[in-house]
Amino acid sequence: MVNQAFAESPRKQMDRGIAAEDVTCKEGHSLVIRNNGYPICVKSVTAQKLEKRGLGVIIAKEDKIDQTPSTEIPIKDLEKTQTNTYNKTPQSSGNIREVPADAGSVINFYITDEDLNLAHNGVDVVSTQGLFEFSINGVSISGPSTITETGPNTGQFFVKLQLPDTINGRALNQNDVVLIKYLDASDSTGSNQTITKSIPLTKSYAAVETSGDSSRIGRVFTVRIYEPDANLDSQDNDRIPLSKLEYRGKGGIRTTLSNSAFDANSSYLIETGPNTNIFEVKIKIPRYIDGKLVDIGDWYEIRYIDSSTPSGTDEKVVLQGRIG
């Protein structure tokens, strides 16, 4: 008989050739076969909720004989002898990453849930029925019918949410908020949980930031811009000319990062990799810019004009700093 106190996860049992309906759950948990055919072990209350909502079927089981060979392998040793290596992401991390969005645009994000990772040698495409709820200002909106795994055996799924142009007959605007809910039927403890993410709409996709000693004169630091509109080639690293970023400082300093005084390592902000939408360049704040002194305590701004916004307007994106 199987010792329920030490029952392995459904995934490990299936990896050993056990059929979904024959999976053994640890004591106090019930076996549910989800609509996608994958077994999960959840607390009895959760199992009843899933079945009531039509998201799975409870398998009423009596004790079954383990279908492994008669020579039992301790669980710890079994994990060491597994030939397949799997992504170590937690069962459901609630990992939702988003980009800014506006009316008629798209929100792209990712969710990590090992329960949805069924085809370990292929890319899973999973129905979103019962998994997500989407709304804008409390009004439900339609979402994608499926989500797609980012690669074989990653357990991370890409979700593309197309926003409507209007909500209740009114055009979306800057003050609207998109709410994403992910209904996780079985977290790492076997309990259900709801992961939520609020995304305010914005007029511009772009964002500018710095890293390193950006406030020190003569020190190298990185200027980074998130700009999906500049991502023209998904197979190669794109570029943004330094002349696109304006630098303003105390005493009437006004120039662009293409000014040789900044000693940039490139004439461009270069995309960090194919299709990342993130562009970087390394520069220094000099002591003098066009003959004007830069001193400790002076303020400065780095400005980028986003001229390809969803609203069709030019939007100013400003990063402010102070010389240390």
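Residues numbered from 1 in each chain as written. Predicted model: local features only at pLDDT ≥ 70, side-chain atom pairs only at ≥ 80, totals over all residues. Heavy atoms only, no water.

**Points about unusual backbone geometry**
Rules: For the purposes of this entry, the term helix denotes a DSSP run of H or I that reaches at least four residues, the term strand denotes a run of E that reaches at least two, and both are numbered from the N terminus.
At N137, a position not held by glycine, the phi torsion is positive, near 55 degrees. Note on placement: N137 falls in the loop between β6 (132-136) and β7 (139-140). Within the chain, D290 stands out as a residue other than glycine whose phi angle is a positive 55 degrees. Along the chain, D290 falls in the loop between β21 (288-289) and β22 (292-293).

**Points about the pattern of salt bridges**
Rules: Definition used for salt bridges: Asp or Glu carboxyl oxygen within 4 Å of a side-chain nitrogen of Lys or Arg. Three exposure classes are used, based on accessible area relative to the maximum for each residue type with a 1.4 Å probe and protein chains only: buried under 20%, partly exposed in between, and exposed over 50%.
Applying the stated criterion to the full structure yields eight salt bridges. Where E280 meets R224, a salt bridge forms, and the shortest distance between an N and an O atom there is 2.6 Å. You can see E280 sitting in strand β20 (residues 278-284) and its partner R224 sitting in strand β15 (residues 220-226), a full 56 residues away along the chain. The salt bridge involving D295 is made with R287; its shortest N-O contact spans 3.6 Å. Judged by its relative accessible area of 35%, D295 is partly exposed.

**Thoughts on the sheet that holds strand β17 (residues 245-249)**
Put simply, the rule reads: Pairing between two strands is assigned when DSSP locates at least 2 bridges connecting them. Throughout, an axis means a line fitted to C-alpha atoms (over the contacting stretch in the case of helices), and angles, computed between N-to-C directions, take values from 0 to 180 degrees.
Strands sit in the order β18-β17-β23-β24 across an open sheet of four strands; the sheet is antiparallel. One side of each edge strand has no neighbouring strand; the edge strands of this open sheet are β18 (253-256) and β24 (315-322). For this sheet, the mean inter-axis angle between neighbouring strands, taken without regard to orientation, is 20 degrees. By the bridge criterion, eight bridges tie strand β23 (residues 299-306) to β24 in an arrangement that is antiparallel. Looking at the pairing, W299 lines up with R322 of β24.

**Description of the nonpolar core**
Where we set the bar: To qualify as a nonpolar core, a set must consist of buried Ala, Val, Leu, Ile, Met, Phe, Trp, Tyr and Cys residues joined through side-chain atoms within 4.5 Å. We call two residues contacting when some pair of their heavy atoms lies within 4.5 Å.
V208, V223, L245, Y247, L257, L269 and I302 are the most contacted members of the largest nonpolar core, which has 26 residues in total. Elements with a contribution of two residues or more to this core: β15, β17, β20, β23 and β24. If we skip the residues at most four places from it in the chain, V208 touches V223, R224, I225, I302, Y304, V317 and L319. L116, V126, L131 and I195 belong to the second largest nonpolar core, which has 23 residues in total.

**Overview of the environment of D115**
Structurally, D115 is set in the loop between β4 (106-112) and β5 (125-127). Each C-alpha atom, one on D115 and one on R34, is 9.8 Å from the other, the two residues being 81 residues apart in sequence.

**Remarks on the sheet that holds β15**
Read from one edge of the open sheet, five strands run β14-β15-β20-β19-β16, paired in antiparallel fashion. Because the sheet does not close on itself, it has two edges, and the strands there are β14 (207-212) and β16 (239-241). Pairs of neighbouring strands in the sheet enclose a mean axial angle of 25 degrees, with direction left out of account. Relative to β20, β15 runs antiparallel, the two sharing seven bridges. The residue of β20 that forms the bridge with V223 is V281.

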